[in-house]
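Structural overview for review
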Amino acid sequence: MARKHSKHAPYPDANHGEEAPAVVACWLCGRPTGKTIIWHHPVPKSRGGRDVVPMHSICQQTLTANFANSELQRHGMNVAGLLENPNVRKFVDWVAKKDPDFTATITKKQR
């Protein structure tokens with residue numbers, strides 16, 4: 001199959017610093033994303049999930065630390081159901097005042 005664009009040249013329709021990219025909100029906490037956007041599968045790929053949502057890396061780490069894949073599959077795209085978990089609610093309230101590029105280590109859930 002032939003390439004649509006040159007392998008080493010920039011795409012012809014790419015922004016060359018003329019406009020700032022649109023600010024995307026994190027799916028879990030609702031804060032604007034920073035320089036790094038993680039495209040997270042709310043329903044894990046191993047469970048048939050195809051949709052992706054933008055998230056901060058720290059928000060994704062919190063989800064994977066607090067929920068098993070089967071629990072994430074049950075919640076699906078329902079953020080409100082995830083926020084009912086006391087650990088996730090506490091995290092979202094805590095991270096609300098942080099910078100969009102803020103990162104920290106997340107403690108793994110005791111299973």
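The preceding data block contains the structure.
Throughout what follows, the structure given in this document is the object of discussion. Computed from a predicted structure; not experimentally measured.

Core analysis: the biggest nonpolar cluster contains 18 residues, and Trp27, Leu28, Met55, Cys59, Leu63 and Val92 have the highest contact counts within it. Elements supplying a minimum of two residues to this core: β2 (53-55), α1 (57-66), α3 (79-83) and α4 (86-95). Leave out the neighbours within four places in its chain, and Leu28 touches Met55, Cys59, Leu63, Val79, Leu83, Val88 and Val92.

Let us now look at the environment of Ala25. Residue position: Ala25 is located in the segment before β1 (38-40). With a relative accessible area of 43%, Ala25 lands in the partly exposed category. For the pair Ala25 and Met55, spaced 30 residues apart in sequence, the C-alpha to C-alpha distance is 7.6 Å. For Ala25, the residues in contact, after removing those within four places along its chain, are Gly30, Arg31, Pro32, Thr33 and Pro54.

Attention shifts here to the packing of aromatic side chains. According to the stated counting rule, one finds two aromatic pairs in the structure shown. Relative to Trp94, the ring of Phe91 lies with its centre 6.1 Å away and its plane at 50 degrees, an arrangement referred to as tilted. Separated by three residues within a single helix, Phe91 and Trp94 lie in helix α4, roughly one turn from each other. On the basis of relative accessible area, Phe91 is assigned to the buried category, the value being 8%. A ring pair is formed by Trp94 and Phe102, whose centres lie 5.5 Å apart and whose planes are at 70 degrees; its orientation type is edge-to-face. Residue classification places Trp94 among the partly exposed residues on the basis of a relative accessible area of 42%. Connected via pairs of aromatic rings, a cluster forms that spans Phe91, Trp94 and Phe102. Just above the ring of Phe102 sits the side chain of Lys98; from NZ or CZ to the centre is 5.4 Å.

Thresholds applied
Residues numbered from 1 in each chain as written. Predicted model: local features only at pLDDT ≥ 70, side-chain atom pairs only at ≥ 80, totals over all residues. Heavy atoms only, no water. Core = buried A, V, L, I, M, F, W, Y, C linked by side-chain atoms within 4.5 Å. Buried < 20%, exposed > 50% of the residue type's maximum accessible area, 1.4 Å probe, protein only. Helix = DSSP H or I, 4+ residues; strand = E, 2+ residues; numbered from the N terminus. Contact = heavy atoms within 4.5 Å. Phe/Tyr/Trp six-rings, centres within 6.5 Å; stacked < 30°, edge-to-face > 60°. Lys NZ or Arg CZ within 6 Å of the ring centre and 35° of its normal.

Worth remembering: the numbers are spatial, not functional.
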